[in-house]
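# Close look at the chain arrangement
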Amino acid sequence: MKLKQGSFLWYLYLDKLYCLLSVRNVKALLEYFHLLDVHHNNTLNDVLFYHFLRHVTSWKRTQIMIVFNMLDWNAMGEIGFDQFYMLVCILLAQQNHLEEQFIFRHSRPVFELLDLDGELRIGADHFHMYNFLFNIKKQELRELYHDFDITGDRRLNYKEFKLFTIFTMDKYQEKQKAEKEQGKTAPLKKKRPHRFILSSKLF
């Protein structure tokens, strides 16, 4: 997924440590939400939600409606600003390749979003359905349920999910550290001396 350049979300800044917006950005986002809310209900229905995401992302219709149904957990046919804010933070985290950081920092809200049935368990099918949101690859998904499904029921409770987020965050930080060290040890290219060709006409 890519945010469309020039859209409103393109200009918002997501804190890379906590994966949250600043107070100033939240106020701007709230004003934007009110502009989208043409019915003045302090909510967005599925039609407004669809056109908003078609305007700012490259998602297809099926993906947009999957996300809407996930956020509309009480099946009211609309979402409020809290859900809208959560979605925007997810979009910005994905745009900035901070999915691991976001899941780690907001493990409880993410778990509740993925727990569609309210059973306090997340099955592999739920992860498959929303892998475009958090970029969890199939191999990582297999390892997730192999390594962290302690109860052996092929579903993760919150404690198991939290362990997964900690492990994923550790791997992410190790990867970043390795990339930084690699950058420091990379040999510097020697600059070639400039050759000046003097014309005989000058003399």
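The paragraphs below set out a description of the structure included in this document. (Residues numbered from 1 in each chain as written. Predicted model: local features only at pLDDT ≥ 70, side-chain atom pairs only at ≥ 80, totals over all residues. Heavy atoms only, no water.)

With that settled, the discussion passes to the state of the cysteines. Under the definition given, this model contains 0 disulfides. As a non-bridged cysteine, Cys19 has Cys89 as the owner of its nearest cysteine sulfur, 8.1 Å distant. (Disulfide = S-S within 2.5 Å.)

Turning next to a nonpolar patch on the surface. Together, Leu17, Tyr18 and Leu20 line one region of the surface with nonpolar side chains, adding up to about 270 Å² of accessible area. In this structure, Tyr18 sits in the segment before helix H1 (23–36). (Patch = residues over 30% accessible without salt bridge, like charges linked within 9 Å, V, L, I, M, F, W, Y side chains within 5 Å. Areas by Shrake-Rupley, 256 points an atom, 1.4 Å probe, with all protein chains shown as cover. Salt bridge = Lys/Arg side-chain N within 4 Å of Asp/Glu carboxyl O. Helix = DSSP H or I, 4+ residues; strand = E, 2+ residues; numbered from the N terminus.)

Here the focus is the environment of Ile136. Mapping Ile136 onto the fold places it in the loop between helix H8 (131–134) and helix H9 (138–148). When residues no more than four places from it in sequence are discounted, the contact partners of Ile136 are Phe127, Asn131 and Leu141. (Contact = heavy atoms within 4.5 Å.)

On to the pattern of salt bridges, then. By the definition in use, this model includes 2 salt bridges. Glu119 is the salt-bridge partner of Arg155, the closest N and O atoms lying 2.5 Å from each other. Placement of Arg155 in strand S4 (residues 155–156) and of Glu119 in the loop between helix H6 (107–114) and strand S3 (122–123) is noted, with a sequence separation of 36 residues between them. Its relative accessible area of 45% is what places Glu119 among the partly exposed residues. Residue Arg121 is joined to Asp153 by a salt bridge in which the shortest nitrogen-to-oxygen separation is 3.5 Å. (Buried < 20%, exposed > 50% of the residue type's maximum accessible area, 1.4 Å probe, protein only.)

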